[in-house]
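The residues making up each chain are set out below.
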Amino acid sequence: MQQSPTWKWLAILTAAVLLSGCTGPWNDPNPPTNPEKVTYFGSFITRPKHLDPVRSYSAEEAMFIDQIYDPPLQYRFLKRPYELEPATAATMPSLELLNEQLQPLPAGSKEAAFSRITIRLKPDTRYQPHPAFAEDESGNPLYVFSTPAEGEQYKLLTDFPATGTRNLTADDYIYQIKRMADPVNKSPLLGLMSGYIVGMKAFGQWAKNNRQPGEWLDLRQQDMEGLEKIDDLTFTIRIKGIYPQFQYWLAMHFFAPVPWEADRFYHNPGFPEKNLTLDWNPIGTGPFMMTVNSPNREIVLEGNPNYRKDNYPSEGSEDDLERGYLADAGKPLPFIDKAVYRYEKAATSMWSKFVQGYYDRSGDGNSNINSATFDRAFTTGPDGLELTPELASRDIVVDEEVSPSLYYIGFNMVDPVVGGYSEEKRKLRQAISIVYNDQEYIDIFRNGIGQVAQGPIPPGLFGYTAGKEGLNPHIFDWDEVTQTARRKPVEYAKKLLAEAGYPNGRHRETGKPLILYMDTTAGDSNPRSDWIKKQLAKINVQLEFRATDYTRFKEKMRQGNTQMFGWGWLADYPDPENFLFLLDSRQGLVKCQCDGSNSTNYDNPEYDRLYDRIKTLPNGPERLSAINRMLAIVQKDSPWIWGFNNKEYYLSNQWVYNTKRHGISQATLKYLRVDPDLRAQKQKAWNQPVIWPMFAGIGLLLMILIPGIRAYRQRQKLTIENQEAVRE
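All residue numbers refer to positions counted from 1 along the written sequence of the respective chain. Residues qualify for local features only when their pLDDT is at least 70, as the model is predicted, and side-chain atom pairs are given and counted only at 80 or more; totals for whole chains, interfaces and linings, by contrast, use all residues. As a rule here, side-chain values cover all heavy atoms of the structure and leave hydrogens and water aside.

### Side note on the overall build of the protein
And then number 1: Helix and strand assignments follow DSSP, with helices taken as H or I runs no shorter than four residues and strands as E runs no shorter than two, numbered in order from the N terminus. A count of helical and extended segments in the protein gives 22 helices and 24 strands.
And then number 2: Overall, the protein is about 120 × 80 × 55 Å in size when its C-alpha atoms are taken along their principal axes.
And then number 3: In what follows, residue pairs with any heavy atoms lying within 4.5 Å of each other are defined as contacts. Considering only intrachain contacts with a sequence separation of at least 6, the fraction spanning at least 24 residues in the protein is 71%.
And then number 4: With residues, only the protein chains shown are counted as cover, and all accessible areas are computed by Shrake-Rupley using a 1.4 Å probe. A total accessible area of about 34,400 Å² is found for the protein, and carbon and sulfur atoms account for 52% of it.
And then number 5: Two residue types count as positive, namely Lys and Arg, and two as negative, namely Asp and Glu; His and chain ends fall outside the count. Where a charge lies is defined by one atom per residue type: Lys uses NZ, Arg uses CZ, Asp uses CG and Glu uses CD. Where the 83 positive side-chain charges of the protein centre and where its 90 negative ones centre are 4 Å apart.

### Regarding the side chain of Arg 179
And then number 1: Within the fold, Arg 179 resides in helix H3 (residues 170-181).
And then number 2: Of note is the side chain of Arg 179, whose polar atom sits 2.6 Å from the side chain of Asp 52.
And then number 3: Not counting the four nearest positions on each side in its chain, Arg 179 is found in contact with Asp 52, Val 54, Asn 185, Leu 219, Val 258, Asp 263 and Leu 278. Any pair of N or O atoms that falls within 3.5 Å is considered a polar contact. Within protein, one atom must be able to donate a hydrogen and the other to accept it, and sequence-neighbouring residues count only if both atoms are side-chain atoms.

### Re the sheet that holds strand S19 (residues 542-547)
Working definition: the strands of a sheet are paired by backbone hydrogen bonds and lie parallel or antiparallel to each other.
And then number 1: One open sheet holds the 6 strands; their spatial order is S15-S21-S14-S20-S18-S19, and the pairing between them is mixed. Of all the strands in the sheet, just strand S15 (451-452) and S19 have a single pairing partner and so form its edges.
And then number 2: Judged from the 3 bridges that link them, strand S14 (residues 405-411) and strand S21 (residues 640-645) form a sheet pairing that is antiparallel. Within S21, the position partnered with Gly 410 by the bridge is Trp 640. A pair of strands counts as paired when DSSP detects no fewer than two bridges linking them.

### A word on the pairing of strand S20 (residues 564-570)
And then number 1: Alignment of S14 against S20, held across 7 bridges, turns out to be antiparallel. Across the sheet, the residue bridging to Leu 406 is Trp 569, located in S20.

### Observations concerning the environment of Val 452
And then number 1: Note on placement: Val 452 falls in strand S15.
And then number 2: When the C-alpha positions of Val 452 and Met 413 are compared, they lie 23 Å apart, and in sequence the two are 39 residues distant.
And then number 3: The residues contacting Val 452, other than those within four sequence positions of it, are Asp 438, Gln 439, Ile 442, Phe 476, Arg 487, Gly 643, Phe 644 and Asn 645.

### Section: the packing of helix H19 (residues 605-616) against helix H20 (residues 621-637)
And then number 1: For helices, the axis comes from a line fit to the C-alpha atoms of the stretch in contact; other axes are also lines fit to C-alpha atoms, and the angle between any two N-to-C directions lies between 0 and 180 degrees. Relative orientation of the contacting elements H19 and H20 amounts to 155°, with a least axis distance of 10 Å. The orientation of H19 relative to H20 falls into the category roughly antiparallel. As for the relative orientation of H19 and H20, their crossing is left-handed in sense. Note on element contacts: H20 touches H19 through Glu 622, Arg 623, Ala 626, Ile 627, Arg 629, Met 630, Ile 633 and Val 634, opposite Glu 606, Tyr 607, Leu 610, Tyr 611, Arg 613 and Ile 614. We call two directions roughly parallel when the angle between them is under 35 degrees, roughly antiparallel when it is over 145, roughly perpendicular when it lies between 65 and 115, and oblique otherwise. In this scheme, a crossing is called left-handed if the near helix is turned counterclockwise away from the far one by less than a right angle; it is called right-handed if the turn is clockwise.

### Regarding the packing of helix H13 (residues 438-445) against helix H15 (residues 527-537)
And then number 1: One can describe the packing of H13 onto H15 by two numbers: an axis separation of 12 Å at closest approach and a directional angle of 155°. On the basis of the axis angle, H13 is roughly antiparallel to H15. Crossing of H13 over H15 shows right-handed handedness. Here Glu 440, Tyr 441, Ile 444 and Phe 445 of H13 come into contact with H15, specifically with Pro 527, Arg 528, Trp 531 and Gln 535.

### Here we look at the nonpolar core
Grouped burial of nonpolar side chains is what soluble globular proteins tend to show.
And then number 1: If you look at the biggest cluster of nonpolar residues, it comprises 110 residues, and the most contacted ones within it are Ile 197, Ile 237, Phe 246 and Phe 255.
And then number 2: Counting residues per element, this core draws most heavily on H3, at 7 residues.
And then number 3: Those residues in contact with Phe 255, other than ones at most four positions away along the chain, are Pro 71, Pro 72, Tyr 173, Gln 176, Ile 177, Met 180, Met 193, Ile 197, Phe 246, Trp 249 and Leu 250. Nonpolar core, defined: a set of buried Ala, Val, Leu, Ile, Met, Phe, Trp, Tyr and Cys residues in which side-chain atoms within 4.5 Å join the residues together. Type-normalised accessible area, obtained with a 1.4 Å probe on protein chains alone, sets the label of each residue: buried when under 20%, exposed when over 50%, and partly exposed for intermediate values.

### Digging into the sheet that holds strand S6 (residues 227-231)
And then number 1: As summarised here, the arrangement of the 4 strands in space is S4-S5-S7-S6, forming an open sheet in which the pairing is antiparallel. The open sheet has two edge strands, strand S4 (94-98) and S6, and neither has a second partner. Going across the sheet, the axis of each strand differs from the next one's by a mean of 25°, ignoring polarity.
And then number 2: Of the pairings in the sheet, the one linking S6 to strand S7 (residues 234-240) comprises 4 bridges and is antiparallel in character. Across the sheet, the residue bridging to Lys 229 is Phe 235, located in S7.
And then number 3: Running over the sheet, H3 touches S6 and S7 and is turned about 175° from S6.

### Describing H15
Every α-helix carries 3.6 residues per turn, so stepping three or four residues along brings you back to the same face.
And then number 1: Regarding H15, the residues found buried are Ser 529, Trp 531, Ile 532, Gln 535 and Leu 536. For H15, the arc enclosing every buried residue in end-on projection is 160°, short of the 170-degree limit, so these residues lie on one face. Of the exposed residues in H15, the ones pointing more than 90 degrees away from its buried face are Pro 527 and Lys 534.
And then number 2: Those residues of H15 that are buried lie in contact with helix H12 (423-435), H13, strand S18 (515-520) and S19. Arc definition: it is the arc formed by the directions from the helix axis to the C-beta atoms.

### Considering the environment of Met 92
And then number 1: Structurally, the position occupied by Met 92 is in the loop between strand S3 (84-86) and S4.
And then number 2: Residue classification places Met 92 among the partly exposed positions, given a relative accessible area of 33%.
And then number 3: The sequence separation of Met 92 and Gly 450 amounts to 358 residues, and the corresponding C-alpha distance is 35 Å.
And then number 4: In this view, Met 92 contacts Leu 73, Leu 84, Glu 85, Pro 86 and Gln 247; residues no more than four positions away in its chain are not counted.

### What to know about unusual backbone geometry
Glycine aside, residues mostly have negative phi angles, and peptide bonds mostly take the trans form.
And then number 1: In this chain, Arg 80 is followed by Pro 81 through a cis amide linkage whose omega measures 0°.
And then number 2: You can see Pro 81 is positioned in the loop between strand S2 (73-75) and S3.
And then number 3: Cis geometry is adopted by the peptide bond preceding Pro 334, which originates at Leu 333 and carries an omega value of -5°.
And then number 4: Not every positive phi belongs to a glycine, and Asn 601 is a case in point at roughly 60°.
And then number 5: Locating Asn 601 in the fold gives a position in the loop between helix H18 (589-592) and H19.

### Remarks on the packing of aromatic side chains
Pairs of aromatic rings are described using the distance from one ring centre to the other and the angle between the two planes.
And then number 1: Between the rings of Phe, Tyr and Trp (Trp by its six-membered ring), a pair exists once the centres lie within 6.5 Å; its type follows the angle of the planes, with under 30 degrees stacked, over 60 edge-to-face, and the other angles tilted. Within the structure shown, the criterion is met by 43 aromatic pairs.
And then number 2: With a centroid separation of 6.0 Å and 50° between ring planes, the pair formed by Tyr 421 and Tyr 602 is classed as tilted. Here Tyr 602 lies in the loop between H18 and H19 and Tyr 421 lies in the loop between S14 and H12, a separation of 181 residues in the sequence.
And then number 3: Of the aromatic side chains, those joined through ring pairs into one cluster are Tyr 143, Phe 145, Tyr 154, Phe 160, Phe 265, Tyr 266 and Phe 271.
And then number 4: A ring is considered to have a charge above it if a Lys NZ or an Arg CZ atom is located within 6 Å of its centre and within 35 degrees of its normal. Cation over ring: Arg 220 sits above Trp 260, and NZ or CZ is 3.7 Å from the ring centre.
And then number 5: Geometry around Phe 114 places Arg 238 over its ring, the cationic atom sitting 5.0 Å from the centre.

### Overview of the side chain of Asn 687
And then number 1: Among the structural elements, Asn 687 can be located in the loop between helix H21 (676-686) and helix H22 (692-727).
And then number 2: On the basis of relative accessible area, Asn 687 is assigned to the buried category, the value being 10%.
And then number 3: In this structure the side chain of Asn 687 is engaged in a polar contact, spanning 2.9 Å, whose partner is the backbone oxygen of Gln 356.

### Observations regarding helix H5 (residues 200-210)
And then number 1: Along H5, the positions that sit buried rather than exposed are Met 200, Phe 203, Gly 204, Trp 206 and Ala 207. Down the axis of H5, the buried side of the element spans an arc of 160°, and every buried residue falls inside it. Within H5, the exposed residues directed more than 90 degrees away from the buried face are Lys 201, Ala 202, Lys 208 and Asn 209.
And then number 2: Taken together, the buried residues of H5 touch H3 and helix H4 (190-194).

### Let's talk about the pattern of salt bridges
And then number 1: Salt bridges are defined by distance alone: a side-chain nitrogen of Lys or Arg within 4 Å of a carboxyl oxygen of Asp or Glu. Within the structure shown, the criterion is met by 48 salt bridges.
And then number 2: In this structure, the salt-bridge partner of Glu 83 is Arg 76, at a minimum N-O distance of 2.8 Å.
And then number 3: With a relative accessible area of 31%, Glu 83 lands in the partly exposed category.
And then number 4: Glu 298 is the partner of Arg 342 in a salt bridge, and the nearest nitrogen-oxygen pair spans 3.7 Å. Of this pair, Arg 342 sits in strand S10 (residues 338-343) while Glu 298 sits in strand S9 (residues 298-303); the two residues are 44 residues apart in sequence, bridging distant segments of the chain.
And then number 5: Overlapping salt bridges, with partners in common, bring together Asp 584, Arg 586, Asp 612 and Lys 615 in one network.

Rendered as structure tokens:
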């Protein structure tokens, strides 16, 4: 009997379903991988805006570019406390103190007018393949054009058929520092570094005066006084005074090398309009290079075939040894060949793909366990937080990180109501700080993860003191029984408020209620806003929210037109100066009329004097004594509700190794190792399709179709018989 088309299609469908189960999970969102290459699968939520190392000041952007660019120094991956080591530098930089006449001074001299840092580079460090280095037979650059029409055919970097490379030189670091000075690049470090690097301001003015609209300015044409090339592998940076923390900046991508050829290439006519820019297409000497930048879909990093010799660290703690972080000691880096990061609009989608095994870790960069996913990851057991039974059964790896960070509520110190330095103004801010229960905030909105701050220095940095000695005595009392800090009672806060001139929350003379304003970029009808209002209502102070878009909010901050606001800071480098400078008056937004770091406009001359002192002192008793005096000053003045220090939990699937997080550096992708065979095995086991409903549906469909097919064929047969009878 001839088979009908319906039966054919049903047979094909059934065969396809059965065969597809042999190729892997049906719901795998990741593209097929080359079995000869090791691929890491990650994710990101915040799309990067700047990939130029002189412009980017975002942790989300550093997640990518710190894998591509190689500054002179890097952090030791496993070492705690944090410690620097050479990256492209051959050794740690040498330091020489100089007087006004640039004559050497004895080591440890406190009268130095200048510091000269000498950096010698490793030989044979090479750039990734890139069309900027492509040359013709005569050694001339292949892709330098005079008009947009000449380069019209090139839309992406992959459109250029030829690439080249060359060795890293001292000139490349010098060129990048000049780019930092050039105002057209809008480097966020320009204000800070121009106060240290000799000649930076003058060079910036030269660049501004000599740039022609739409044309490339070759920064090699002009020397910068504070930079000197000794030879192809050696250069010096001269800074004003003594600034020991400068070494930490040499481990950041701001000081990574940029070759002049790349700057020239990306300034070809018509290239910026096509996003052929350094801000979109990085070029570096690091372990990875960016081969796909489609931030609305995915970003792909692939191994730099020209990466220098680099090995996994051989030193670590006993805990590192126990957790297997030293199993790869001495092996060449990187371990993976490719990293595919997929853009996710929501943390819940990212989480579900991690649980299915399609993302190797629960988050990359700052994308991590949050309030939306916390309860899916952890439960509270007798020993504290524990993984849920589902995750525990899958051998999920948990890494904790207390990153040097601080989140706080700021008072605008130039505001006529909450600002000022009189005793009454201090008591007003102290009263508000007492009733603003940070621990309650942590418990409600951060799943109990975090630590109440007592001052501006977070745990893990020199100058931080735990326990009774580190207590903020204006906000807390010490409980000798529990050996913990206890927030002062609300009645004491009401007493302070009355002494500040607002008994029962009303002005002593006019009787008007005290109404304060919180400036924010969000609305006032969310649970956090309601909670904050209730805190101040404990002392009969009314709080209203003034919401604006981010651009307007930033403008209000610069003009000093705010009253209270939420703010935060993540450490750039592991030194208390990186947090204490947030209250330096010279960095005040209103005072400096710049994008300063002192968002509260705090201004205390004694604090500034001590700050200038601790900047130049090495860690030791003298520096600690000065820091303690600074802490006592700001604890009394209370320019911030001190808030909390952040703590993060990161989860990794069992096939990912060397998962330890670094609280400062994000240049850690090269240390990750992945077992792709184990990943494929677990993905298949965890994503077995439930196919019985489909077969049940097919059966139901057949039950409906078969009678219909029979009836149809019978009608067709009767029709044919009737037609034949008519013919007869």
